[in-house]
Amino acid sequence: MSEENLIDKNCSVWTSPPFDYNTISKVNDLKKNNIKDFNDSFYSDLSFGTGGMRGIVGVGPNRVNKYTFGRNTQGISNYINKNFKNEFKSVVIAYDCRNESEFLANKVTEIFSANNIKVFLFSSLRPTPELSYALVKLNCLCGIVLTASHNPPEYNGYKVYWKDGGQIVPPIDETRVYSDPQGFSVGEHRDGNDVDFPEMYQDKLAKWSRKLHLCLNGKDILPPALQPCLQGIKSH
């Protein structure tokens with residue numbers, strides 16, 4: 001299929017139900033007023049890269065929005081429900097201060113909940129390392145943080161972490177499902193499990209900081225898995 005035909009096809013899909021009226025209106029306005037941005041928004045699907053997906057916030061399959069992130073969340077939900085049938089299924093979600101981060105975090109929460117996966121949602125902005133800490137502390141299967149790290153301000157992103165606290169790696173990252181937009185469920189956040197333990201997290205950081213200081217001064221030994229962290233670090 002040619003790029004032009006693909007753009008037309010995607011536009012037709014995004015201007016029909018189940019897409020909401022506001023989204024359809026934005027698509028039509030974009031096509032009318034900014035054809036270059038419109039073409040870039042509809043010529044392709046937003047790609048899933050290292051540990052997640054990131055892109056410019058906007059409408060269309062090649063932009064960050066509740067539909068593109070929703071499809072990805074449904075894919076992860078399908079994977080969890082298929083591969084962890086006999087386990088307690090839970091996820092933890094964090095977000096930063098980027099455009100629509102809190103809004104998108106709540107949408108992602110609703111989709112996991114609709115798939116009968118328990119959700120822990122941070123009550124306010126959190127750094128990515130705290131998401132990793134919470135993931136292990138709460139014994140969740142998966143963690144999502146809405147952030148685009150160092151990318152320009154018009155970007156946002158969807159980073160996926162697994163139950164060991166690290167970013168997903170093959171083959172898990174190859175199992176995501178890019179289904180039709182109507183292929184995911186949306187429900188209320190039934191669980192009501194806001195997670196908030198900054199003091200516990202900060203205490204843990206303080207303990208590791210003290211241990212690192214002792215290691216740098218030859219007074220303690222860092223666990224083998226963390227010894228590479230000492231490379232290039234000087235004691236102050």
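Heads up: the structure comes first, above all this text.
Residue positions are counted from 1 within each chain, in the order its sequence is given. With pLDDT at 70 or above as the cut-off, local features in this predicted model cover only qualifying residues; side-chain atom pairs require 80 or more to be listed or tallied, and sums for whole chains, interfaces and linings still use all residues. Working from all heavy atoms in the structure, the side-chain values ignore hydrogens and water.

1. Here's the deal with helix α3 (residues 35-42)
Relative accessibility decides the category of a residue: with a 1.4 Å probe and only protein chains considered, values under 20% of the type maximum give buried, values over 50% give exposed, and everything between is partly exposed. Note on conventions: DSSP H or I runs of at least 4 residues are helices, E runs of at least 2 residues are strands, and numbering of each starts at the N terminus. Residues of α3 that are buried: Phe 38, Ser 41 and Phe 42. Buried residues of α3, seen end-on, are gathered within an arc of 80 degrees and therefore sit on one face of the element. Each C-beta atom gives one direction from the helix axis, and the arc is the one those directions make.

2. Some points on the side chain of Thr 23
Note that Thr 23 resides in helix α2 (residues 21-33). The class for Thr 23 is buried, based on a relative accessible area of 8%. Contacts are assigned to residue pairs with any non-hydrogen atoms lying within 4.5 Å of each other. Those residues in contact with Thr 23 that lie beyond four places of it in its chain are Trp 14, Val 59 and Tyr 67.

3. What about the pattern of salt bridges?
We define a salt bridge as a contact between a side-chain nitrogen of Lys or Arg and a carboxyl oxygen of Asp or Glu at a distance within 4 Å. One pass over the full model with this rule turns up six salt bridges. Notably, a salt bridge pairs Glu 110 with Lys 107, separated by 3.7 Å at the nearest N-O pair. Within this pair, Glu 110 and its partner Lys 107 are both found in helix α5 (residues 101-114), separated by three residues, close to a single helical turn. Arg 126 is the salt-bridge partner of Glu 130, the closest N and O atoms lying 3.3 Å from each other. Assessed through its relative accessible area of 4%, Glu 130 is described here as buried. Residue Arg 126 is classed as buried on the basis of its relative accessible area, which comes to 11%. Residues joined by salt bridges that share partners form a network here, namely Asp 37, Asp 40 and Arg 63.

4. Some thoughts on the packing of aromatic side chains
Working definition: rings of Phe, Tyr and Trp (its six-membered ring) pair if their centres are within 6.5 Å, and the pair is stacked with planes under 30 degrees apart, edge-to-face with planes over 60 apart, and tilted otherwise. The full count for this structure, using the stated rule, is eight aromatic pairs. Seen in terms of ring centroids, Tyr 79 and Trp 162 are 5.8 Å apart; in terms of plane orientation they differ by 65 degrees. Their pairing is edge-to-face. One end of the pair, Tyr 79, is in helix α4 (residues 66-83); the other, Trp 162, is in strand β5 (residues 155-162), with 83 residues separating them in the sequence. Through a chain of ring-to-ring contacts, the aromatic side chains of Trp 14, Phe 19, Phe 38, Phe 42 and Tyr 67 assemble into a single cluster.

5. Digging into the nonpolar core
Core analysis: the biggest nonpolar cluster contains 26 residues, and Ile 80, Ile 93, Phe 112, Ile 144, Leu 146 and Tyr 158 have the highest contact counts within it. Broken down by secondary-structure element, the contributors of at least two residues to this core are α4, β2 (90-95), α5, β3 (118-122), β4 (142-146) and β5. At four residues, α5 tops the list of elements feeding residues into this core. Beyond its immediate stretch of four places on either side in the chain, Leu 146 contacts Phe 69, Ile 93, Ala 94, Tyr 95, Asp 96, Ser 101, Leu 104, Ala 105, Asn 156, Gly 157 and Tyr 158. The term nonpolar core refers to a set of buried residues drawn from Ala, Val, Leu, Ile, Met, Phe, Trp, Tyr and Cys, joined through side-chain atoms within 4.5 Å.

6. A look at α5
In an α-helix, one full turn covers 3.6 residues, which means residues spaced three or four apart are oriented alike. Each residue after the first adds 1.5 Å to the expected span of a helix. For α5, which comprises 14 residues, the first-to-last C-alpha distance of 20 Å matches the rise-based estimate of 20 Å (1.5 Å per residue) to within 8%. All of the buried residues in α5 are Ser 101, Leu 104, Ala 105, Val 108, Thr 109, Glu 110, Ile 111, Phe 112 and Ser 113. Packing partners of the buried residues in α5 comprise α4, β2, β3, β4 and β5. Positive phi appears at Asn 116, one or two residues downstream of α5, with a value of about 60 degrees.

7. Side note on unusual backbone geometry
Of note, the amide linkage connecting Pro 17 to Pro 18 takes the cis form, showing an omega dihedral of 15 degrees. Among the structural elements, Pro 18 can be located in the loop between α1 (3-14) and α2. Positioned with a positive phi, Asn 116 is a non-glycine residue whose angle comes to about 60 degrees. Inspection of the secondary structure assignment puts Asn 116 in the loop between α5 and β3.

Take it as geometry only, folks, not as evidence of what the structure does.
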